[in-house]
Amino acid sequence: VPISNIRNFCIIAHIDHGKSTLADKLLQMTGTVQKREMKEQFLDNMDLERERGITIKLQAARMRFVLEKEPYCLNLIDTPGHVDFSYEVSRSLAACEGALLVVDASQGVEAQTLANVYLALENNLEIIPVMNKIDLPGAEPDRVSKEIEEIVGLDCSNAIHCSAKEGVGITEILSAIVKKIPPPQYTAEMPLRALIFDSYYDPYRGVIVYFRVVDGTIKKGDRIYFMASGKDYFADEIGVMSSNQMQVDELYAGEVGYLAASIRSVADARVGDTITHFGRKANESLPGYEEATPMVFCGLFPVDADQFPDLRDALEKLQLNDAALKFEPESSSAMGFGFRCGFLGLLHMEIVQERLEREYNLSLITTAPSVVYRVNCVNGDTLECSNPSLLPEPGKRRFIEEPYVKIEMLTPKEYIGPLMELGQDRRGEFKEMNYITENRASLIYLLPLAEMVGDFFDQLKSRSKGYASMEYSLVGYRESELVRLDIQINGELVEPLATIVHKDKAYSIGRALTKKLKELIPRQMFKVPIQACIGAKVIASESLSAIRKDVLSKCYGGDISRKKKLLKKQAEGKKRMKAIGKVDVPQEAFMAVLRLE
Ligand code: GDP
Ligand code: MG
């Protein structure tokens, strides 16, 4: 089709508002995917995603749609739906001319939707509002349309009423995409510039790169150059994504496609990088490229020391497909050999952890996540410290800075009080409160990232009965009065349990943590003191009383199969334990500091 018949668009929606369901219907209605080959949700094809109902990785799909006898090519570029991946969202928006704004008409606008709408507006996208789930009895599409008009100032008088589930309004959406979203500009004569908006590692062909040609053309066999990584390759294969990948010889400005060029790791073909020709380089790369900066770090240790090489192999393999995952070896006397790993956020961390365990069969101990502190030392050096046990001694440091985020919470007005308390508890600095409608407010806080890592999101949900949503972005570093809280078990310093906390909270955290550890650590054959210390000073202590641990005494007499079962259960229980000195410490203890209330 000519460039005037191409439309590139994405779907913006809050989690659970129906993005995947709608995408599926669009694919079905355009005959891109036949109903019988349809998996539950075509676009989210990672198991983990489906289980968690989140969209992690971007993908694209090309659809053919005929309107008034004219054939159009519609490229849907999928966006991930979680704050940890907002950089990827911004790059996929940059590859489009328009966006469907899908809002659950029985709910309303949420924080994540808003954040993405603003990103879309910054990228000058044409936005088509879609009120989804109108089949639900509680749907109020007109109220929600008004809400969007008030908050975003977007004209919603022609918002499309849709039920993705029942297939209502789908043709209207396809027509609106053609009529409202502008076609790409014609720049095929210019030097090649293509924006990478996704990539994944294929063990047979190397990295598959998804891109939007912004200027120029790309041909099969071209020698290409990646402007941020500085690497060059031959484009062995280029193609488009229909229900499957389909090879083509050439792609022009405005088109969306994929390429394979024997690239060894996604870190060499990063989202946001610009592809140009090696022999005719573009003067300037496309705007918006950012390095992946891990915000959260934790230690990963195999329960069984023999699994260390397997853990390293698994991390290397995962990294081929995850440019944001960082790791380096770490060892401690308590934990033995493992890795210090960096992640974009907590969800990213959980995903990696879960994949290591499920796909690579590893049994791991994960230590509590830490943010990256900036330590200004007496000798004038500035250190980045993401491992509390390596924080320089008080005498060696002048002051510590910690990362701050700006968070926006959207909530029905009855939960303003509980959420303000949450903000206060977490050392938040209140910035603003605005009523966005009569019943809903937006609360803005500046808050240490460290206070958000952990159960902040869970707390937000539970204190608002599930009705509030949030969004955050890093704003920079600030000086804080921080101290290191150490934990000793049975007189031994347990490095992985060390945390960095605010001076004013140290005592209460010390007390709560020792108490919690007492609950979590199984009693031993001897008495075990558990102490929290700042430097040499003990600020809280508990003690585990001794017990004679003999599970078999519980089965009276001879049932051998029952006995075996119990022994097996005990062995499984052990799997997630780490022996610290003479004491077995379970996985939960390493995360205890995150859940103290
Ligand atoms: P996503 O998180 O935005 O991708 O949302 P999903 O497409 O996974 O949908 C979330 C839930 O809403 C699923 O249980 C869907 O079946 C349901 N859902 C999606 N669209 C509709 C709709 O139009 N009507 C109703 N009643 N439910 C819908
Ligand atoms: Mg989804």
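The rules behind each value
Residues numbered from 1 in each chain as written. Chains lettered and ligands numbered in written order. Predicted model: local features only at pLDDT ≥ 70, side-chain atom pairs only at ≥ 80, totals over all residues. Heavy atoms only, no water. UniProt positions renumbered as here; feature names shortened; annotations may be inferred. Axes fitted to C-alpha atoms, helices over the stretch in contact; angles between N-to-C directions. Helix = DSSP H or I, 4+ residues; strand = E, 2+ residues; numbered from the N terminus. Parallel < 35°, antiparallel > 145°, perpendicular 65-115°, else oblique. Left-handed = near helix turned anticlockwise from the far one by under 90°. Contact = heavy atoms within 4.5 Å. Nonpolar A, V, L, I, M, F, W, Y, C, P; charged D, E, K, R; others polar. Near = heavy atom within 4 Å. Polar contact = N/O pair within 3.5 Å; in protein donor to acceptor, adjacent residues only side chain to side chain. Buried < 20%, exposed > 50% of the residue type's maximum accessible area, 1.4 Å probe, protein only. Pairing = 2+ DSSP bridges. Phe/Tyr/Trp six-rings, centres within 6.5 Å; stacked < 30°, edge-to-face > 60°. Lys NZ or Arg CZ within 6 Å of the ring centre and 35° of its normal. Core = buried A, V, L, I, M, F, W, Y, C linked by side-chain atoms within 4.5 Å.

Looking up the protein chain in an unreviewed UniProt entry gives the name Translation factor GUF1 homolog, chloroplastic, with the organism given as Acorus gramineus. The annotation that UniProt attaches to the protein chain under Function (unreviewed entry) is "Promotes chloroplast protein synthesis. May act as a fidelity factor of the translation reaction, by catalyzing a one-codon backward translocation of tRNAs on improperly translocated ribosomes." You can read under Sequence similarities (unreviewed entry) in the UniProt record for the protein chain the words "Belongs to the TRAFAC class translation factor GTPase superfamily. Classic translation factor GTPase family. LepA subfamily."

Peer 1: Describe the packing of helix α3 (residues 86-94) against helix α4 (residues 111-122), naming the residues involved and giving the relevant values.
Peer 2: Close contact between α3 and α4 brings their axes to 9 Å; oriented N to C, the two are set at 40°. One way to sum up the angle between α3 and α4 is to call them oblique. As for how α3 packs across α4, the hand of that crossing is right-handed. Contact with α3, carried on its side by S86, V89, S90 and L93, involves N116, L119 and A120 of α4 and no other residues of that element. For the contact of α3 with α4, the per-class residue count stands at four nonpolar, three polar and no charged.

Peer 1: Please provide a residue-by-residue account of the site of ligand 1, values included.
Peer 2: Near ligand 1 you find 16 residues, and of these D16, K19, S20, T21 and D135 are the closest. One nitrogen or oxygen atom from the main chain of K19 is found 2.8 Å from an oxygen atom belonging to ligand 1. In this structure, T21 approaches ligand 1 through a side-chain N or O atom, which is 2.5 Å from an oxygen atom. Ranked by the residues each element gives to the shell around ligand 1, the list is headed by helix α1 (residues 19-29), at three residues. For the shell around ligand 1, a count of residues per class yields three nonpolar, eight polar and five charged.

Peer 1: How would you explain the pairing of strand β33 (residues 583-586) if you had to name every residue and give the values?
Peer 2: Burial along β33 is two-sided: V583 and V585 facing one way and D584 and P586 facing the other are all buried. Bridge analysis of strand β32 (residues 577-580) against β33 gives four bridges, and the strand direction is antiparallel. When the bridges of β33 are listed, I580 appears paired with V583. Taking the residues between adjacent antiparallel strands as the criterion, β32 and β33 are bridged by two residues, where G581 takes a positive phi near 60°.

Peer 1: So what's going on with the packing of aromatic side chains? Residues and values would help.
Peer 2: If you walk through the whole model with that rule in mind, you get nine aromatic pairs. On the numbers, 6.3 Å between centres and 35° between planes, the contact of F197 with Y210 is tilted. Of this pair, F197 sits in strand β7 (residues 193-202) while Y210 sits in strand β8 (residues 206-215), and the two are 13 residues apart along the sequence. When its relative accessible area of 0% is taken as the criterion, F197 is described as buried. Arranged with centres 5.6 Å apart and planes meeting at 90°, the rings of F327 and F339 form a pair that is edge-to-face. Within this pair, whereas F327 is found in strand β18 (residues 326-332), its partner F339 is found in strand β19 (residues 336-343), the two being separated by 12 residues in sequence. One aromatic cluster is present, formed by F308, F327, F337 and F339 through successive ring pairs. The ring of F278 has K281 lying over it, and the distance from NZ or CZ to the ring centre is 4.5 Å.

Peer 1: Can you explain the nonpolar core? Please cite residues and give values.
Peer 2: Ranked by internal contacts, the top residues of the largest apolar core, which has 48 residues, are L315, L356, I407, M409, M452 and F456. Per-element tally for this core: the top contributor is helix α7 (residues 308-320), with five residues. Listed in part, the 40 residues of the second largest apolar core include A60, L114, M131 and L195.

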